[in-house]
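Residue-level structural notes
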Amino acid sequence: MRIGELAAAVGVTTRTVRHYHHQGLLPEPDRLSNGYRDYTLRHAVVLARIRRLTELGLGLAEVRDVLADDAGKDLVEVLTELDADLARQEAGIRERRQRLRALLETGELPAEGPVSPELAALFAATAPRFAGSPMAAKDREVFALLETVADPAARERLMSLAGAMAGSPQATAGAHEVYALLDALADARPDDPRVAEAARVIAAAVPADVLPEHGFDHGDSFLRALYADLAPAQAAAIRRALDLASTVATGDATGEGP
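Below or above, wherever it landed, is the structure these notes cover.

Topic: the overall build of the protein chain
Scanning the protein chain from N- to C-terminus turns up 12 helices and zero strands. When the helices and strands of the protein chain are listed from N to C terminus, the series reads α-α-α-α-α-α-α-α-α-α-α-α. Out of the 258 residues belonging to the protein chain, those deemed buried represent 32%. Long-range contacts, defined here as pairs at least 24 residues apart, represent 54% of the contacts in the protein chain between residues at least 6 apart. Total accessible area on the protein chain is roughly 16,000 Å²; 55% of this is exposed by carbon and sulfur atoms.

What to know about the layout of surface pockets
Any space left empty among the atoms is revealed by the rolling of a water-sized probe across them. Space inside the second largest pocket adds up to approximately 280 Å³. In terms of lining residues, the second largest pocket is bounded by 11 residues, among which Arg 99, Val 115, Ser 116, Pro 117 and Glu 147 are the most central. The set of elements that each furnish at least two residues to the lining of the second largest pocket consists of α5 (75-105) and α7 (134-149). By residue number, the principal contributor to the lining of the second largest pocket is α5, which donates four residues. Of the residues contributing to the lining of the second largest pocket, the split by class is five nonpolar, two polar and four charged.

Observations regarding helix α10 (residues 194-205)
Its 12 residues place the ends of α10 17 Å apart at the C-alpha level, agreeing with the 16 Å of an ideal helix rising 1.5 Å per residue. Within the span of α10, buried status applies to Val 195, Ala 198, Ala 199, Val 201, Ile 202 and Ala 203.

Concerning the packing of aromatic side chains
In the structure shown here, the tally under the stated rule is one aromatic pair. Positioned above the aromatic ring of Tyr 36 is the side chain of Arg 2, whose terminal nitrogen or guanidinium carbon lies 4.2 Å from the ring centre. Across the ring face of Tyr 227, the terminal group of Arg 239 is positioned such that the distance to the ring centre comes to 4.3 Å.

Some words on the packing of helix α1 (residues 3-10) against helix α2 (residues 14-22)
Each pair of packed helices gets described by two things: the angle between the helix axes and the distance between those axes. At a minimum axis distance of 8 Å, the contact between α1 and α2 shows a crossing angle of 100°. By the angle between their axes, α1 is roughly perpendicular relative to α2. Two secondary-structure elements touch here, α1 through Ile 3, Gly 4, Leu 6 and Ala 7 and α2 through Thr 14, Val 17 and Arg 18. The residue inventory of the contact of α1 with α2, partitioned by class, reads four nonpolar, two polar and one charged.

Comments concerning the nonpolar core
The biggest cluster of nonpolar side chains holds 31 residues, and the ones touching the most others in it are Leu 182, Leu 185, Ile 202 and Ile 238. The dominant element in this core, judged by the number of residues it contributes, is helix α12 (residues 232-249), at nine residues. Other than its neighbours up to four places away in sequence, Ile 238 contacts Met 135, Leu 182, Ile 202, Tyr 227 and Leu 230. By size, the runner-up hydrophobic cluster in this structure holds 19 residues, among which are Val 17, Val 46, Leu 47 and Leu 82.

Rules behind the numbers
Residues numbered from 1 in each chain as written. Predicted model: local features only at pLDDT ≥ 70, side-chain atom pairs only at ≥ 80, totals over all residues. Heavy atoms only, no water. Helix = DSSP H or I, 4+ residues; strand = E, 2+ residues; numbered from the N terminus. Buried < 20%, exposed > 50% of the residue type's maximum accessible area, 1.4 Å probe, protein only. Contact = heavy atoms within 4.5 Å. Areas by Shrake-Rupley, 256 points an atom, 1.4 Å probe, with all protein chains shown as cover. 1 Å grid on protein atoms, 1.4 Å probe; cavity = no way out; pocket = protein on both sides within 12 Å on 5 of 7 lines; lining within 4 Å. Points joined across faces, edges and corners; volume = space filled by probe spheres on them. Nonpolar A, V, L, I, M, F, W, Y, C, P; charged D, E, K, R; others polar. Expected span 1.5 Å × (residues − 1). Phe/Tyr/Trp six-rings, centres within 6.5 Å; stacked < 30°, edge-to-face > 60°. Lys NZ or Arg CZ within 6 Å of the ring centre and 35° of its normal. Axes fitted to C-alpha atoms, helices over the stretch in contact; angles between N-to-C directions. Parallel < 35°, antiparallel > 145°, perpendicular 65-115°, else oblique. Core = buried A, V, L, I, M, F, W, Y, C linked by side-chain atoms within 4.5 Å.

Here you go:
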């Protein structure tokens with residue numbers, strides 16, 4: 001048989017046959033005097049077996065193990081491992097579908113979505129209160145980011161804290177003031193006198209639960225990215241506010257950050 005006839009008989013392409021040759025899965029046939037490869041029934045049997053194994057989901061390295069005369073793993077062992085891997089994939093798919101159903105059942109997804117149903121409900125409850133504030137919209141993006149990258153314990157604390165603040169009229173009023181002050185700094189210079197006032201208000205609103213024991217590291221990659229995403233005066237106000245909140249929490253009466 002020529003390579004085209006072999007490929008057609010087994011239901012693959014000639015490119016696939018050549019790839020299996022290159023990978024060492026299918027032995028190279030003898031060549032006729034005219035230089036053409038001469039495939040035999042044995043090549044068709046091996047090629048068909050490779051096709052069946054790959055259709056089951058085996059990678060080519062695993063197929064090579066199965067086909068080797070001194071196989072490190074026999075077929076039963078390989079297929080058992082494949083079955084266990086497929087079971088894990090099935091469990092993962094079921095979990096993702098459950099999350100999708102929960103998101104769809106919440107109704108309209110937020111612009112920052114997809115997020116967890118809990119965060120979607122929080123956004124739905126709070127977004128109308130801060131409509132029109134660019135800083136509030138940016139804050140929701142940060143919440144969505146933190147929910148994605150935080151470990152489960154930190155995510156639970158974050159959601160608990162955000163929920164408590166959303167349910168407090170005093171916290172809502174404080175958030176209004178913070179957003180208004182930061183929005184007003186969008187086109188200001190970092191040395192604008194309003195930066196100090198904004199920092200003082202923000203620092204007073206920072207929950208003690210989020211304050212690190214030894215203050216904030218402004219060289220932290222997340223904070224650096226946050227500052228870079230803000231206007232210069234907004235970044236200056238938040239940087240100063242974090243330092244102020246940290247120094248007050250540790251008993252520094254001056255409240256002045258670096």
